[in-house]
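Geometric and topological summary
Here's the letter readout for the chains.
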Amino acid sequence: MLVNLEALNGSTIHAVDGEVGQVTDVYFDDRHWTIRFMVVDIQPWVPLSEKTLISPISLLEYDIEAQQLNVSITKDKVKNSPQIDEHETVSREFEKSYFDYYSYGYYWVGPGAWGEYAYPMALVNPNTLSKDSSESEDSKTSNHLRSTNEITHYGIDALDGKKGYIKDFICDTDSWSLLYIVVDTRDWLPGGKKVLISPKHLDKLNWQEKSVTCHLSFEQIQACPEYNEDKLNDVEYLAEVKNKLMFNK
């Protein structure tokens, strides 16, 4: 199922024994464009905690109508999980303590976005994994995590200097990959339509200038599929989106 992150933010996390809190942000891996953690506000329930992290590995079901994510962990497990300060960076050291606490397999061990697997839920069972195999020196120290809240509204620098800006992201709730980026073009395209581009169209993120370099031209972006939130899970619409983006490779 596809969902936009604007809808995901504000969704309720529901543990096996009750409500935990609401999603306020998402941390994604800018190498694989995959969501690693949901940032959850648990202050109404645990007043001294600024935020906690929930991994998609624990997800059982996402009820899009109720805006509720059901997870396979208890409230007590969440309450006692490794915590991170509001303004701290999520380090690889923190991730290791987090994954060990939940007894999850490491996603950074193996060739794919979720290590040896296509879907995060496979990492619930660590007995099928070797935590030492295929772990590069770089993966032991760096994790390339970014906040979607941080880069939403970053400018898009096209090949010919035209600009739009990042409006939203589209996530696949099976693989938790960010399949598309919603670009708002209202400043330089007639009618100001929103279009979908692929993360593969981006070259680099510039944190100092708060912009993203894109290897598409003005004409190519104009030809990208128009974003229609109501058709995110419509088969014909998604086929059209895929075909148009393949043409723009």
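Preceding block: the structure.
Observations regarding the overall build of the protein chain
Scanning the protein chain from terminus to terminus reveals seven helices and 14 strands. Of all intrachain contacts in the protein chain linking residues separated by at least 6 positions in sequence, the fraction that spans at least 24 positions is 55%. When the accessible surface of the protein chain is summed, it comes to about 12100 Å², and 46% of that surface belongs to carbon and sulfur atoms.

Quick notes on the side chain of Arg 36
Along the chain, Arg 36 falls in strand β4 (residues 34-41). On the accessibility criterion, Arg 36 (2% relative accessible area) is buried. A polar side-chain atom of Arg 36 sits 3.0 Å from a polar atom in the side chain of Asp 29. With residues near it in sequence (within four places) discarded, Arg 36 still touches Tyr 27, Phe 28, Asp 29, Ile 54, Ser 55, Pro 56, Tyr 107, Ala 113, Trp 114 and Leu 145.

Some remarks on the nonpolar core
A general trend in soluble globular proteins is that nonpolar side chains are found buried together. Judged by nonpolar contacts, the single largest core of 72 residues is most densely connected at Ile 13, Leu 53, Leu 69, Phe 99 and Trp 176. Residues within four places of Trp 176 in sequence aside, it is in contact with Leu 8, Thr 34, Ile 35, Met 38, Pro 56, Leu 59, Leu 69, Trp 114, Pro 120 and Cys 171.

Quick word on the packing of aromatic side chains
Under the definition given, this model contains 17 aromatic pairs. Measuring from ring centre to ring centre gives 6.5 Å for Phe 99 and Tyr 106, while their planes differ by 70°; the resulting arrangement is edge-to-face. Each member of the pair Phe 99 and Tyr 106 is classed as buried. Ring centres of Tyr 106 and Trp 108 lie 4.5 Å apart, and the angle between their planes is 15°; this geometry places the pair in the stacked category. Side by side, Tyr 106 and Trp 108 carry an identical accessibility label, which is buried.

Let's talk about the environment of Pro 111
Mapped onto the elements, Pro 111 comes out in the loop between α3 (92-102) and α4 (137-141). Here Pro 111 is in contact with His 32 and Glu 116, once residues within four sequence places are set aside.

What to know about the state of the cysteines
Overall, the coordinates contain zero disulfides when judged by the stated rule. Looking at the unpaired Cys 224, the closest cysteine sulfur is the one in Cys 214, lying at 7.5 Å.

A short note on the environment of Gly 10
Relative to the elements of secondary structure, Gly 10 occurs in the loop between α1 (5-8) and β2 (12-15). In this structure Gly 10 comes out as partly exposed when scored by relative accessible area, which is 30%. The sequence separation of Gly 10 and Gln 22 amounts to twelve residues, and the corresponding C-alpha distance is 5.4 Å. Apart from the residues within four sequence positions on either side, Gly 10 is in contact with Gln 22 and Val 23.

Observations regarding the pairing of strand β3 (residues 18-29)
Most of β3 is tucked away: nine of the twelve residues are buried. Here β2 runs beside β3; their pairing, made up of four bridges, is antiparallel. Residue pairing for β3: Thr 12 is matched across the bridge by Gln 22. Between β2 and β3, which pair antiparallel in sequence order, lie two residues. Pairing geometry for β3 and β4, over seven bridges, is antiparallel. The partner of Phe 28 across the bridge, within β4, is Ile 35. As consecutive antiparallel partners, β3 and β4 are separated by four residues, and within that stretch Trp 33 has a phi angle of approximately 50°, a positive value.

Observations concerning unusual backbone geometry
With phi around 85°, His 153 is a residue other than glycine that occupies positive phi space. Position of His 153 among the secondary structure elements: in the loop between α5 (148-151) and β9 (155-157). A relative accessible area of 53% means that His 153 is categorised as exposed. Backbone geometry at Trp 176 places phi at a positive 60°, although glycine is not the residue there. With respect to the helices and strands, Trp 176 occurs in the loop between β10 (163-172) and β11 (177-184).

Some details on the pairing of strand β13 (residues 202-206)
Successive side chains on a regular strand alternate, one facing one side of the sheet and the next facing the other. The pairing of β13 with strand β14 (residues 211-214) spans four bridges and is antiparallel. For Leu 202, the partnering residue across the bridge sits in β14 and is Cys 214. Turn length for the β13-β14 hairpin, with the two strands adjacent in sequence and antiparallel, is four residues, and the turn residue Lys 210 shows positive phi of about 50°.

Reading guide: rules and limits
- Residues numbered from 1 in each chain as written.
- Predicted model: local features only at pLDDT ≥ 70, side-chain atom pairs only at ≥ 80, totals over all residues.
- Heavy atoms only, no water.
- Helix = DSSP H or I, 4+ residues; strand = E, 2+ residues; numbered from the N terminus.
- Contact = heavy atoms within 4.5 Å.
- Areas by Shrake-Rupley, 256 points an atom, 1.4 Å probe, with all protein chains shown as cover.
- Buried < 20%, exposed > 50% of the residue type's maximum accessible area, 1.4 Å probe, protein only.
- Polar contact = N/O pair within 3.5 Å; in protein donor to acceptor, adjacent residues only side chain to side chain.
- Core = buried A, V, L, I, M, F, W, Y, C linked by side-chain atoms within 4.5 Å.
- Phe/Tyr/Trp six-rings, centres within 6.5 Å; stacked < 30°, edge-to-face > 60°.
- Disulfide = S-S within 2.5 Å.
- Pairing = 2+ DSSP bridges.

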